Amino acid sequence: MFSRFSATCKHLLTEGSQKVLFRQVDRMSSKILHQTVWDSDPELFEIIKAEKQRQLKGLELIASENFTSMAVLNCLSSCLTNKYAEGLPGARYYGGTQFVDQIELLCQKRALEAYKISADEWGVNVQPYSGSPANFAVYTAIVEPHGRIMGLDLPDGGHLTHGFFTPAKKISATSIFFESMPYKVNQETGLIDYEALLKTARLFKPKIIIAGVSCYSRALDYKKFREICDDVGAYLMADMAHISGLVAAGVTSSPFEYSDIVTTTTHKSLRGPRAGVIFFRKGFRTNAKGDKIPYDLESKINQAVFPCLQGGPHENAIAAIATTFKQASTPEFKEYAQQIINNAKQLSESLQSKGYKVVTGGTEVHMLLLDLRPSGISGAKAEYILEEVSIACNKNTVPGDKSALNPSGIRLGTPALTTRGLKESDMQQVAAFIDQAIKLGKEIGKESGPKLVDFKKSVHCGEWNSKVECLRNEIEAFSEKFPMPGYDCY
Ligand SMILES: Cc1ncc(COP(=O)(O)O)c(C=O)c1O
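Keep in mind that what you see is a predicted model, and the values were worked out from it rather than measured.

Participant: When you look at the pairing of strand 14 (residues 367-371) in this model, what are you seeing that I'm missing?
Facilitator: Of all 5 residues that make up strand 14, 5 are buried, and the element is covered over most of its length. With burial as the criterion, each face of strand 14 is covered, one bearing Met 367, Leu 369 and Asp 371 and the other bearing Leu 368 and Leu 370. Sheet analysis places strand 13 (residues 357-358) next to strand 14, joined by 2 bridges and oriented antiparallel. Note that in strand 14 the partner of Lys 357 across the bridge is Asp 371. Sheet topology places strand 14 next to strand 17 (residues 409-413); 5 bridges connect them, and they run antiparallel.

Participant: Please clarify how the sheet that holds strand 5 (residues 148-152) should be interpreted in this entry.
Facilitator: In sheet architecture, strand pairing relies on hydrogen bonds along the backbone and comes in two forms, parallel and antiparallel. Within the open sheet, the 7 strands sit side by side as 4-10-9-8-7-5-6. Their pairing is mixed. Either end of the sheet is taken by a strand with one partner, and the two such strands are strand 4 (122-125) and strand 6 (179-183). Across the sheet, the axes of successive neighbouring strands diverge by a mean angle of 20 degrees, strand direction being ignored. In this structure, strand 9 (residues 261-265) lies alongside strand 10 (residues 276-281), joined through 5 bridges in antiparallel fashion. By the bridge assignment, Val 262 is partnered in strand 10 with Phe 279. With respect to the sheet, helix 10 (residues 194-204) is in contact with strand 5, strand 6 and strand 7 (208-212), its orientation differing from that of strand 5 by roughly 165 degrees. Packed on one face of the sheet, helix 13 (residues 297-309) meets strand 4, strand 8 (235-239), strand 9 and strand 10 and runs near 160 degrees to strand 10.

Participant: When you look at helix 10 in this model, what are you seeing that I'm missing?
Facilitator: Side chains three or four residues apart in an α-helix point the same way, a direct result of the helix having 3.6 residues per turn. Turning to helix 10, its buried residues number three or more, namely Tyr 194, Leu 197, Leu 198, Ala 201 and Phe 204. Buried residues of helix 10, seen end-on, are gathered within an arc of 140 degrees and therefore sit on one face of the element. Away from its buried face by more than 90 degrees, helix 10 exposes Glu 195, Lys 199 and Leu 203. Looking at the packing, one finds that the buried side of helix 10 touches strand 5, strand 6, strand 7 and helix 11 (222-232). Count one or two residues on from helix 10 and you reach Lys 205, which has phi positive near 50 degrees.

Participant: What am I meant to see in the pattern of salt bridges here?
Facilitator: Side chains that differ in charge, positive against negative, can pair when their charged atoms come close. Considering all chains together, one arrives at 22 salt bridges under this definition. Residues Glu 51 and Arg 54 are paired through a salt bridge, measuring 2.8 Å at the closest nitrogen-oxygen approach. Remark: Arg 54 and Glu 51 occur in helix 5 (residues 42-57); sequence separation between them is 3 residues, near one turn of the helix. Residue Glu 51 is classed as partly exposed on the basis of its relative accessible area of 31%. Ionic pairing is found between Lys 184 and Asp 156, a salt bridge with its closest N-O pair at 3.1 Å. Of this pair, Lys 184 sits in the loop between strand 6 and helix 10 while Asp 156 sits in the loop between strand 5 and helix 9 (173-176), and the two are 28 residues apart along the sequence.

Participant: In this structure, what is going on with the packing of aromatic side chains? I would like to understand it.
Facilitator: Aromatic ring pairs are described here by two measures, namely the spacing of the ring centres and the angle between the planes. Here the structure, examined in full by the defined rule, presents 20 aromatic pairs. A ring pair is formed by Trp 38 and Tyr 490, whose centres lie 5.5 Å apart and whose planes are at 55 degrees; its orientation type is tilted. Here Trp 38, found in helix 4 (residues 37-40), pairs with Tyr 490, found in the segment after helix 20 (462-479); they are 452 residues apart in sequence, far enough to count as distant. On the accessibility criterion, Trp 38 (28% relative accessible area) is partly exposed. Assessed through its relative accessible area of 28%, Tyr 490 is described here as partly exposed. When the centroid spacing of 5.2 Å and the interplanar angle of 65 degrees are considered together, the rings of Phe 478 and Phe 482 count as edge-to-face. Classification of Phe 482 by relative accessible area gives buried; the value is 12%. Linked through ring pairs, Tyr 115, Trp 122, Phe 256, Phe 279 and Phe 325 together constitute an aromatic cluster. Positioned above the aromatic ring of Phe 204, the side-chain terminus of Arg 148 is 5.1 Å from the ring centre. Sitting over the face of the ring of Tyr 336, Arg 271 holds its NZ or CZ atom 4.0 Å from the ring centroid.

Cut-offs applied
- Residues numbered from 1 in each chain as written.
- Predicted model: local features only at pLDDT ≥ 70, side-chain atom pairs only at ≥ 80, totals over all residues.
- Heavy atoms only, no water.
- Buried < 20%, exposed > 50% of the residue type's maximum accessible area, 1.4 Å probe, protein only.
- Helix = DSSP H or I, 4+ residues; strand = E, 2+ residues; numbered from the N terminus.
- Pairing = 2+ DSSP bridges.
- Axes fitted to C-alpha atoms, helices over the stretch in contact; angles between N-to-C directions.
- Contact = heavy atoms within 4.5 Å.
- Arc of directions from axis to C-beta.
- Salt bridge = Lys/Arg side-chain N within 4 Å of Asp/Glu carboxyl O.
- Phe/Tyr/Trp six-rings, centres within 6.5 Å; stacked < 30°, edge-to-face > 60°.
- Lys NZ or Arg CZ within 6 Å of the ring centre and 35° of its normal.

Purely geometric stuff here, so don't read any function into it on its own.
Here is the structure:
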C-alpha cells in the first residue's frame, strides 16, 4: 500500500522513524483512508489521467493558464490541507498553528521580497482563495455598500470582478453590491482611453479605480492612472493577476510605485497554485491638497478577508504560494518571464506576417488578441476548430464588437508553452499550425453556413473530419516533444 511512499520518501526517514511508520501502517485497517486514488477510485483516476494527456498532447495558449512546478504540487497535496487556522499568524482562533504560522509569515515575507517592496510601506494578505475573492475583499474593505468603482469594461479586456454588468443584467456581484462605471479602450487603436477615463471619473467620482486587465496586450500606464485617481480622490487598485510573474521578474512595468492596493492571482504568469494575494499600503499618503494622511487599509483589508468573506485559510495553498515566490525571485524565473514576452512577440509577428490582424498592432506582454473580422471566421468557430486540433485558446471580444455573445477574436497567451520550453522558432511553428487550422475552419464554414451548431457538425463529417484528424496528429506529435513539469501521468 505504501510502496510508492517508501520508494520516494524512504530516504527522508531515519531507520527508527521508518519502523514507527510501518508499525502504524500495519495497524491501519481502513482501506479508504490509505489507498491511493488510483487504487481506490480508478473511475475518477482515469478522468484525471485523460486530462493529463490532454495537457501533454495539446498546445496550451490560454493566457491565464500555466503548468505549475513539482514543489507547488507537493505543497498542495501535503498535510497542510488538514489544518484550520482562522485568523492571522499569532492571532488565530484555533490551536496547533505554530507551524502554519511560520509558513504564512514566510509567505508574506517572500511576497514582499518578490516585488522588492518594503515591509514599512506595504503589507500583504496571502489568504484569498483566488483572484475574484481577493478583489471582492478589497471593495468590501474600503467601498461602502453601493459605493462607486471603475474598471475596464469586460468586452474591452477587463475582468468580471471589475464591476461587469450588461443593460439587461448585473452579472458580477461587484456590480450588484457596488455601483460600477466602466471605462473603455479606443475603438480604433485598441488602447485604453485615459482621457475619457479622466472625464468619466470626474463625473462619477469613484472610490476606487481599478488598473487591471484580462485581455490587453500593452503595459498599463500606472502613472497616468495615479494622476487620474489623485484628480478625483480615488484609491488606485492595480489588479496585476495576468502579469504578476512578469512584474516579479522585472520584465514589465510594476504597479507598486503608484498604487494604494495591488491584487493578484498566483496561478497565471506567476506559475503558482490557484490562489489570490492582496498587497496594501501602510504609512502615509498625500491627498490632492498635499496633506499627509495615514493609510488605514491594513486592518480593513485583513478583516474583509476574514471574518467578512472567508473562513479558514487554505494553508496548503499558502505554502505553495510561498515556494512560488521563492522561485519567482530566481534568475531562472527572470529568464522564463522574458521568454514569455519574446514568445508572445514572435507569435504576434508570425501571425501578422501571415496576414492576421493583431489588436493594438502587437504585444509587449504575455498575450495577444487576434481580430478575426478581416480573416472571415468568428471567434467561436476559430476557438472550436483550434480545440479540435488540440490547440487551446479562448474566443474574445475585440474593440468594436457589437455582440459579446458572438465575439470576433481569440486571445492567445504564451506563459504555459514557455514553461514547456518553447522558444521563438517553436512559436513560428505554432503560428503555422494556428494558420492551418483557421484556414481549414474557413473552408468548413463556407460549406456549413453561418451557424456554429452546423459548423461543429461539419467539422466531424467525412473529408473534413479526416483533415482535422490529420492536423491534430501533427500538432500532438509536435507538442509531446516538450517536457511538462508535475507527475508523470496525472
Ligand atoms: C485580471 C483578473 N483579475 C481577477 C481574476 C479572477 O481570478 P480567479 O479566476 O482566480 O477568481 C482574473 C481571472 O482570470 C483576472 O484575469
